[in-house]
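The residues making up each chain are set out below.
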Amino acid sequence: MNHSSPRGPFTIAAPQLFDGTVMRGPALVRVSGGLIEDVSFEDAVPLGIPALPPDTILAPGFIDIQVNGGGGVLLNDDPTEACLRRIVEAHRRTGTTGCLPTLITDRTDVVERLAAVAPGSLQIPGVLGFHLEGPALNKARKGIHLESEIRVPNARDLAAMKSISDCGRSIVTLAPECVPPSLIDDLLGAGLRLSAGHSDATQAQIEQAADRGVTGVTHLFNAMSQLTAREPGVVGAALDDERLFAGIICDGLHVDPLSLRVAIRCKGPDRLMLITDAMPPVGTDLRHFLLQGRRITLQGARLTGSDGTLAGAHLTMMQAVRNAVALLGVGIADVLTMASRTPATFLGLESQLGTIAPGYRADLVAFSSKFEVIETWVAGRPSR
C-alpha cells in the first residue's frame, strides 16, 4: 500500500459527500501527500478551486475483495504484474480503488507463480492483497471450480499460500469441514484471513470455524449449504453470527432480490459487503473466454459454462452499487458503506480506508446521480 502520491496539495469541491458514515455536503476535501488533510463544509466554493458537477457524490473508493479478472484477462491464466495491472485498470474505471485479485482453485505451480510476483505487485495502485479461492473446497459445492484440482493443501501448497500472507491483506476461501482444524490455525497464524465458501458445512461446523478465527463467508447463498428447517447450514450461520462478514454478488442473477433483502436485514451494512466475482469480459466486448480449458459464454449479463453453471459474474462495483440501491430497499449511505468501509474493516484497514476524514488515505470515487464514474483517486492520484 505504499503507493506514490503527488507532491502538491489540492482540494476537491464536492456538492455531496459520503464520509463513510453519513451523507453530507457541500464539502471541500483537501488532499496532501496522498492523505486527506482536512474536510470542511462550505456552501460557496473558493475561487480557484474547480468544482465537481452539481449532481456528483464524492465517496470513499470502492473495495472489491473478489476479482478474478477484467480487461480481457484472467489471473489464473497469467499471474503476472502485467495481468494484474490490466485487471486493476479495468475495475478502477468503474470506481474500484482497492481490490484483491483472486486466484481460483488451480495447480500448485500457478499459486507459486502468483506468490513470486505478489510482493512487487503491491506497488500497483489499487492492489491491497490477494484472494486465494481454494483449493480446499467441498467438491459437493464446487460450482465452476475444477473438481480435479480441489484438495487439502499439501506442504508445497501451504508454503505457496503462506508466502502470500505477507502481501497486503490477503485472504483464503476454504470449506472448514474439509480441512483439519490445525490447517485453519496454521493459515491464520501465518497472517491470512479466512473465509468459508464452496462449503457444505453445518451451522455447528461454521460456528466452530468462527471460534477458531474464520471471519468471512464467500459469496453468500452461492455454492454453500442453505438454510433449512432443521439444519441452518452455512447460510443460516452466516446470517446469524455477528462475527462473520459476508460478501454478496448483487447482480440480480446470483441471488434473488428477496434473499438480498433478507441478508441486509440480518447482517446490516456493517457486515455485508458488495463484491463482483468479476471475470475477463468486464471492461471489454468479449462474449466468450476460456476458464481452465472450458468455454464460458456471456449471454445478457450471465456468464455460464456449457452445463449452465454460473462462472463468476459480469459485474462492476458501480453496477453492484446501483443494483443494491434498486434491490435492497436501503439508502445510498448503507450501500456505499457495503462498498467501502465494511470491506476495509473486514481487511483490518478501517483506520486507513473507507472513510473520508483527516489522516485517511485519499482513495476516493466521484460519481453522478446516474451512477457514472467521473473520477477516482488512489493515494491522491487521479486516474487521468
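Just above sits the structure.
Let me sum up the structure you'll find in this document. What you see is a predicted model; the values in this text were computed from it and never measured. (Residues numbered from 1 in each chain as written. Predicted model: local features only at pLDDT ≥ 70, side-chain atom pairs only at ≥ 80, totals over all residues. Heavy atoms only, no water.)

## Section: the environment of P101
Then step 1. Along the chain, P101 falls in strand β10 (residues 96–104).
Then step 2. The spacing of P101 and G71 is 30 residues in sequence and 13 Å in space, taken between C-alpha atoms.
Then step 3. The residues contacting P101, other than those within four sequence positions of it, are V67, L75, L84, V127, G129, F130 and H131. (Helix = DSSP H or I, 4+ residues; strand = E, 2+ residues; numbered from the N terminus. Contact = heavy atoms within 4.5 Å.)

## Regarding the packing of helix α2 (residues 108–121) against helix α3 (residues 155–163)
Axes are the key here: two packed helices are described by the angle between their axes and the distance separating the axes.
Then step 1. α3 packs onto α2 with a crossing angle of 25° between their chain directions and a minimal axis gap of 9 Å. Between α2 and α3, the angle is such that the two are roughly parallel. Both α2 and α3 take part in a crossing whose hand is left-handed. For the pair α2 and α3, contact is made by T108, D109, V111, E112 and A115 and by R156, D157, A160, M161 and S163, respectively. (Axes fitted to C-alpha atoms, helices over the stretch in contact; angles between N-to-C directions. Parallel < 35°, antiparallel > 145°, perpendicular 65-115°, else oblique. Left-handed = near helix turned anticlockwise from the far one by under 90°.)

## Quick look at the sheet that holds strand β3 (residues 23–24)
The pairing of strands in a sheet happens through backbone hydrogen bonds and is either parallel or antiparallel.
Then step 1. Within the open sheet, the six strands sit side by side as β3-β2-β6-β20-β21-β22. Their pairing is mixed. The open sheet has two edge strands with one neighbour each: β3 and β22 (381–382).
Then step 2. Relative to β22, strand β21 (residues 373–378) runs antiparallel, the two being bridged by two bridges. Residue pairing in the sheet places W377 in a bridge with P382 of β22.
Then step 3. The strands touched by helix α9 (residues 332–339) within the sheet are β2 (16–18), β3, β6 (57–60) and β20 (364–367), with β2 carrying the most contacts at an inclination of about 50°. (Pairing = 2+ DSSP bridges.)

## Looking at α3
Then step 1. Those residues of α3 not exposed but buried are D157, L158, A160 and M161. In an axial view of α3, the angular spread of the buried residues amounts to 165°, which keeps them on one side of the axis.
Then step 2. One side-chain oxygen of the residue at the start of α3 lies 3.0 Å from the amide nitrogen of R156, identifying that residue as N154. (Buried < 20%, exposed > 50% of the residue type's maximum accessible area, 1.4 Å probe, protein only. Arc of directions from axis to C-beta. Polar contact = N/O pair within 3.5 Å; in protein donor to acceptor, adjacent residues only side chain to side chain.)

## Points about the side chain of R92
Then step 1. Position of R92 among the secondary structure elements: in helix α1 (residues 81–92).
Then step 2. Buried and unpaired, R92 has E375 as its nearest opposite-charge partner, separated by 5.1 Å.
Then step 3. Beyond its immediate sequence surroundings of up to four residues, R92 is in contact with T376, W377, V378, R381, P382 and S383. (Lys, Arg positive; Asp, Glu negative; His and termini not counted. Salt bridge = Lys/Arg side-chain N within 4 Å of Asp/Glu carboxyl O.)

## Considerations on the nonpolar core
Then step 1. Counting residues in each nonpolar core, the largest one holds 90 residues, and the members touching the most others are L220 and L274.
Then step 2. Discounting chain neighbours no more than four positions away, the residues touching L274 are I63, I248, C250, M317, A320, V321, A324, V335, M338 and A339. (Core = buried A, V, L, I, M, F, W, Y, C linked by side-chain atoms within 4.5 Å.)

## Considerations on the packing of aromatic side chains
Then step 1. Applying the stated criterion across every chain yields a total of three aromatic pairs.
Then step 2. Plain terms: the ring middles of F245 and F346 are 5.4 Å apart, the flat faces sit at 50° to each other, and that makes the pair tilted. Of the two residues, F245 is situated in strand β15 (residues 245–249) and F346 in helix α10 (residues 341–346); the sequence distance between them amounts to 101 residues.
Then step 3. Judged by relative accessible area, which is 8%, F245 ranks as buried.
Then step 4. Given the relative accessible area of 4%, F346 is considered buried.
Then step 5. Arranged with centres 6.1 Å apart and planes meeting at 15°, the rings of F367 and F371 form a pair that is stacked.
Then step 6. The class of F367 is buried, set by a relative accessible area of 1%.
Then step 7. Linked through ring pairs, F62, F367 and F371 together constitute an aromatic cluster.
Then step 8. Sitting above the plane of the F41 ring, R24 keeps its charged end 3.8 Å from the centroid.
Then step 9. When the ring centre of F245 is taken as origin, the NZ or CZ atom of R271, which lies over that ring, is 4.3 Å away. (Phe/Tyr/Trp six-rings, centres within 6.5 Å; stacked < 30°, edge-to-face > 60°. Lys NZ or Arg CZ within 6 Å of the ring centre and 35° of its normal.)

## Some thoughts on the sheet that holds strand β7 (residues 62–67)
Then step 1. Taken together, eight strands build an open sheet; the order of strands is β7-β10-β11-β12-β13-β14-β15-β16 and the sheet is parallel. The outermost strands of the open sheet, each flanked by one partner alone, are β7 and β16 (272–275).

## Some details on the pattern of salt bridges
Then step 1. Taken as a whole and assessed by the stated rule, the structure comprises 15 salt bridges.
Then step 2. The partner of E207 in a salt bridge is R243, and the shortest N-O contact between them spans 3.1 Å. Residue E207 is located in helix α5 (residues 203–212), and its partner R243 is located in the loop between α6 (233–240) and β15; the two are separated by 36 residues in the primary sequence.
Then step 3. Under the relative-accessibility criterion, E207 is labelled buried at 17%.
Then step 4. When salt bridges that share partners are traced, they join E207, D211, D241 and R243 into one network.

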